[in-house]
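# Secondary and tertiary structure notes
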Amino acid sequence: GAGDIVKINEQTAAQIVGRLLASECGTEPVRRGRIRLEGESGYISTPANRDGSFRIGSLQPGEYVLFGVEEGPGRTVLACRQVVLRAGEPLRIDLALGGGGRLAGRIHHRTTDPLNFRRAGADEHALGHRAWADANGGYELIGLPAGEYEVRVGEWMESITLPEGDYDVRHDFDPPLNPGK
């Protein structure tokens, strides 16, 4: 679905074309991935094709953050890249999942709601990233950029700070039995 990013005339538009790959050293496509492009005016999100390819066109030229995401029970893998889009020059990019750090642990008090990670201090409507627990309450989030995050389940919230570099952090979350909606 689309957020608030304004699409413009094809003649003056920018576009991004690429592939979402399972790792930096391989060519294996991510078959059920999503692409999200965030800019000052909002975001747009679209599924990658079965061969990992994606195309987003009719965009305002400018600076964006491109995310690739593969989500599943117990494991979410991200890729994040800053990009500059120029009018009439398609940006071609391979986006590989799994670079950066790893955050893993357990979510106590089983919930079907995901953990929602949003940058600390961000607007309450700002997008974040999600991680779902597996049947045993375990979760793993790979590639989340360093920084301070608010982690929410329903109305419950806890803060966590992820260090720069290839971190490997273990953190358990203990929301109340009924975190509210």
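Keep in mind that what you see is a predicted model, and the values were worked out from it rather than measured.

Counting its regular elements, the protein contains zero helices and 14 strands. Tracing the protein from N to C terminus, the helices and strands come up as β-β-β-β-β-β-β-β-β-β-β-β-β-β. Scored against the burial criterion, the 181 residues of the protein give a buried share of 43%. Within the protein, counting contacts between residues at least 6 apart in sequence, those at least 24 apart form 65% of the total. Accessible surface, the protein: about 9900 Å² in total, of which carbon and sulfur atoms supply 46%.

What follows concerns the sheet that holds strand β13 (residues 156–162). Spatially, β10-β9-β12-β13 is the arrangement adopted by the four strands of the open sheet, whose pairing is antiparallel. Two strands close off the open sheet at either side, each with one partner strand: β10 (129–131) and β13. Strand-to-strand twist of the sheet, defined as the mean angle between neighbouring strand axes without regard to direction, takes the value 30°.

Enumeration over the complete set of coordinates arrives at nine salt bridges. The closest approach of N and O atoms between Glu71 and Arg130, which form a salt bridge, is 3.0 Å. Here Glu71, found in strand β5 (residues 62–72), pairs with Arg130, found in strand β10; they are 59 residues apart in sequence, far enough to count as distant. Using a relative accessible area of 31% as the deciding quantity, one classes Glu71 as partly exposed. For Arg130, a relative accessible area of 34% translates into the label partly exposed. Taken together, the shared-partner salt bridges connect Arg75, Arg102, Glu140 and Asp168 into one network.

Now for the confidence of the model for the protein. Model confidence for the protein is summarised by a mean pLDDT of 85, while 86% of its residues fall at 70 or above. Here β10 stands out as the element of the protein with the lowest mean pLDDT, 87, in contrast to strand β14 (residues 168–170), whose mean of 95 is the highest.

Take the environment of Leu85 next. Along the chain, the position of Leu85 falls in strand β6 (residues 75–85). Assessed through its relative accessible area of 2%, Leu85 is described here as buried. Note: C-alpha distance between Leu85 and Pro61 (24 residues apart in sequence) is 5.0 Å. For Leu85, the residues in contact, after removing those within four places along its chain, are Ala14, Gln15, Ile16, Leu37, Leu59, Pro61, Gly62, Tyr64 and Leu91.

Checked against the element boundaries, Pro47 lands in strand β3 (residues 42–47). Placed 14 residues apart in sequence, Pro47 and Gly33 show a C-alpha to C-alpha distance of 6.0 Å. Excluding anything up to four places from it in sequence, Pro47 contacts Gly33 and Arg34.

We now examine the nonpolar core. Counting 21 residues, the largest nonpolar core has Ile16, Leu37, Leu66, Val83 and Leu85 as its most contacted members. Contributing elements (two or more residues each) for this core: β1 (14–21), β2 (34–39), β4 (53–59), β5, β6 and β7 (91–96). Top element by residues in this core is β6. It accounts for four residues. In contact with Leu66, other than residues within four places in its own chain, are Ile16, Ile35, Arg36, Leu37, Phe54, Ala79, Cys80, Arg81, Val83, Ile93 and Leu95.

Spatially, seven strands are ordered β3-β2-β5-β6-β11-β8-β14 in an open sheet, and the strand pairing comes out mixed. In the strand order of this sheet, the two ends are held by β3 and β14, each with one partner. Going from strand to strand, the sheet's axes swing by 15° on average, the running direction of each strand aside. When β2 meets β5, the two strands line up antiparallel, connected through five bridges. Each bridged residue has a counterpart across the sheet, and for Ile35 the counterpart in β5 is Gly68.

Cut-offs applied
- Residues numbered from 1 in each chain as written.
- Predicted model: local features only at pLDDT ≥ 70, side-chain atom pairs only at ≥ 80, totals over all residues.
- Heavy atoms only, no water.
- Helix = DSSP H or I, 4+ residues; strand = E, 2+ residues; numbered from the N terminus.
- Buried < 20%, exposed > 50% of the residue type's maximum accessible area, 1.4 Å probe, protein only.
- Contact = heavy atoms within 4.5 Å.
- Areas by Shrake-Rupley, 256 points an atom, 1.4 Å probe, with all protein chains shown as cover.
- Pairing = 2+ DSSP bridges.
- Axes fitted to C-alpha atoms, helices over the stretch in contact; angles between N-to-C directions.
- Salt bridge = Lys/Arg side-chain N within 4 Å of Asp/Glu carboxyl O.
- pLDDT = per-residue confidence, 0-100.
- Core = buried A, V, L, I, M, F, W, Y, C linked by side-chain atoms within 4.5 Å.

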